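Observations on chain architecture
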Amino acid sequence: MKMALRACLRTKPGLTALLSQLSCSGHAAARRAPALVAQRSSSSTSQKIKVDFDQSSGVAVMHMQSPPVNSLSLEFLTDVCIALEKLEMDKSCRGLVVTSSQPKVFSAGLDILDMYGKSPEHCAEFWKAVQEMWLKFYGSNMITIAAVNGSSPAGGCLLSMTCDYRIMADNPRYSIGLNETKLGIVAPFWFKDTMVNTVGHRATEMALQLGLLYSPAEALKIGLVDQLVHEDQVLTTATETMTKWLAIPGILNISYTCHFFHLWCCNLVCTICSCVCQVIAAKKIHLSQDF
Ligand SMILES: CCCCC/C=C\CCCC/C=C/C(=O)SCCNC(=O)CCNC(=O)[C@H](O)C(C)(C)COP(=O)(O)OP(=O)(O)OC[C@H]1O[C@@H](n2cnc3c(N)ncnc32)[C@H](O)[C@@H]1OP(=O)(O)O
């Protein structure tokens, strides 16, 4: 799916426009102009994001440092998007590792406090920022690896699933999954689609219906993560793994992209049809109540 988005962002101007409408792209850029990284190795920091970029390897490491649990607030999401935009614009940056500076937690998901009791304008901006993060990671031209060094529920799990590869700390105290159902929330369809693309239809059905959080071992078993390593080794393994991914010529990447793009389009058409059916059904129910 991520590759599919990459392809359409590269090759389909119409879809790019569609996606940019969905994602309110430019929302982040409007706040702070991106700057190109000139040094061989550099580090740029916002309050909540620290990026170390090694120009010799072309790999950047994004450290999420929003205490206590890297919850995805509007401010944090905006900082993430700005950091991503900057890296994306620097063509020498080919790989990105995302990890957490917070102990025991990769990301606690969407910031619940930022969704509750806020103005409609704030909610709209917040929700657009969530979509923007998703699109930017999924559509990135960089190879992305999530170094999941702690628990990663809900939106945190989504963030990790938008990456090409996930390495998780092998600590049974940590968990990962889309647990929205347990919170009485329905996960949006694109959360669901992202999970289907990661672990398949049946596993997603079980995961979402029951709001399951998986231990690292269980997550590995269903393919929600790709590799488990000792807690101390998550980041080093991620950078080593990146070297392998970057050794693959980009052209092959684009070929796979076309296959996934086809699947993604089919999925989108199905989703639109299903929305139309739901609207028609809702109207019918409404009419039958009137008479
Ligand atoms: C705005 C319009 C939106 C419209 C759309 C509406 C619905 C669509 C739904 C979209 C789908 C939702 C996706 C989500 O991501 S919802 C968030 C789900 N997240 C969780 O369920 C995680 C809850 N947190 C935990 O499980 C744990 O905190 C932990 C991440 C495993 C870490 O555990 P631990 O190290 O033991 O830390 P604490 O539990 O003690 O937490 C420390 C402090 O952090 C606060 N916290 C935790 N999670 C969140 C969060 N998601 N948002 C905000 N704050 C969070 C927690 O309250 C503690 O604060 P305190 O120290 O002040 O008490």
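Described below are features of the structure shown in this document. (Residues numbered from 1 in each chain as written. Predicted model: local features only at pLDDT ≥ 70, side-chain atom pairs only at ≥ 80, totals over all residues. Heavy atoms only, no water.)

Right, let's talk about the site of the ligand for a bit. The environment of the ligand is made up of 23 residues, and the closest members are A108, L110, I112, A154 and G155. L110 places a main-chain nitrogen or oxygen 2.8 Å from an oxygen atom of the ligand. At 3.2 Å, a side-chain N or O of N179 approaches an oxygen atom of the ligand. When the ligand sits alone it has 1200 Å² of accessible area, and the protein chains cover 60% of it. The greatest single-element share of the shell around the ligand, amounting to 3 residues, is contributed by helix α5 (residues 120–138). Partitioned by chemical class, the residues of the shell around the ligand number 16 nonpolar, 5 polar and 2 charged. (Near = heavy atom within 4 Å. Polar contact = N/O pair within 3.5 Å; in protein donor to acceptor, adjacent residues only side chain to side chain. Areas by Shrake-Rupley, 256 points an atom, 1.4 Å probe, with all protein chains shown as cover. Helix = DSSP H or I, 4+ residues; strand = E, 2+ residues; numbered from the N terminus. Nonpolar A, V, L, I, M, F, W, Y, C, P; charged D, E, K, R; others polar.)

The sheet built from 7 strands is open, its strands ordered β1-β2-β3-β4-β5-β7-β9 with mixed pairing. Where the open sheet ends on each side, the last strands, each with one partner, are β1 (41–45) and β9 (227–229). Strand-to-strand twist in this sheet, taken as the mean axis angle between neighbours without regard to direction, amounts to 20°. Two elements, strand β4 (residues 95–100) and strand β5 (residues 143–148), share 4 bridges in a ladder whose sense is parallel. Looking at the pairing, V97 lines up with I145 of β5. Running at roughly 160° to β5, helix α10 (residues 234–246) makes contact with β3 (59–64), β4, β5, β7 (165–169) and β9 of the sheet. (Pairing = 2+ DSSP bridges. Axes fitted to C-alpha atoms, helices over the stretch in contact; angles between N-to-C directions. Contact = heavy atoms within 4.5 Å.)

Let's shift gears to the pairing of strand β2 (residues 49–54). Here β2 shows a clear split, with I49, V51 and F53 buried on one side and none of K50, D52 and D54 buried on the other. When β1 meets β2, the two strands line up antiparallel, connected through 5 bridges. Paired with S43 across the strands is D52, a residue of β2. From the end of β1 to the start of β2, which pair antiparallel, there are 3 residues. Here 6 bridges tie β2 to β3, and the two strands are oriented antiparallel to one another. Bridge pairing in β3 links D54 to V59. Where β2 folds back onto β3 in an antiparallel hairpin, the turn is made up of 4 residues, including G58, whose phi is positive at roughly 75°. (Buried < 20%, exposed > 50% of the residue type's maximum accessible area, 1.4 Å probe, protein only.)

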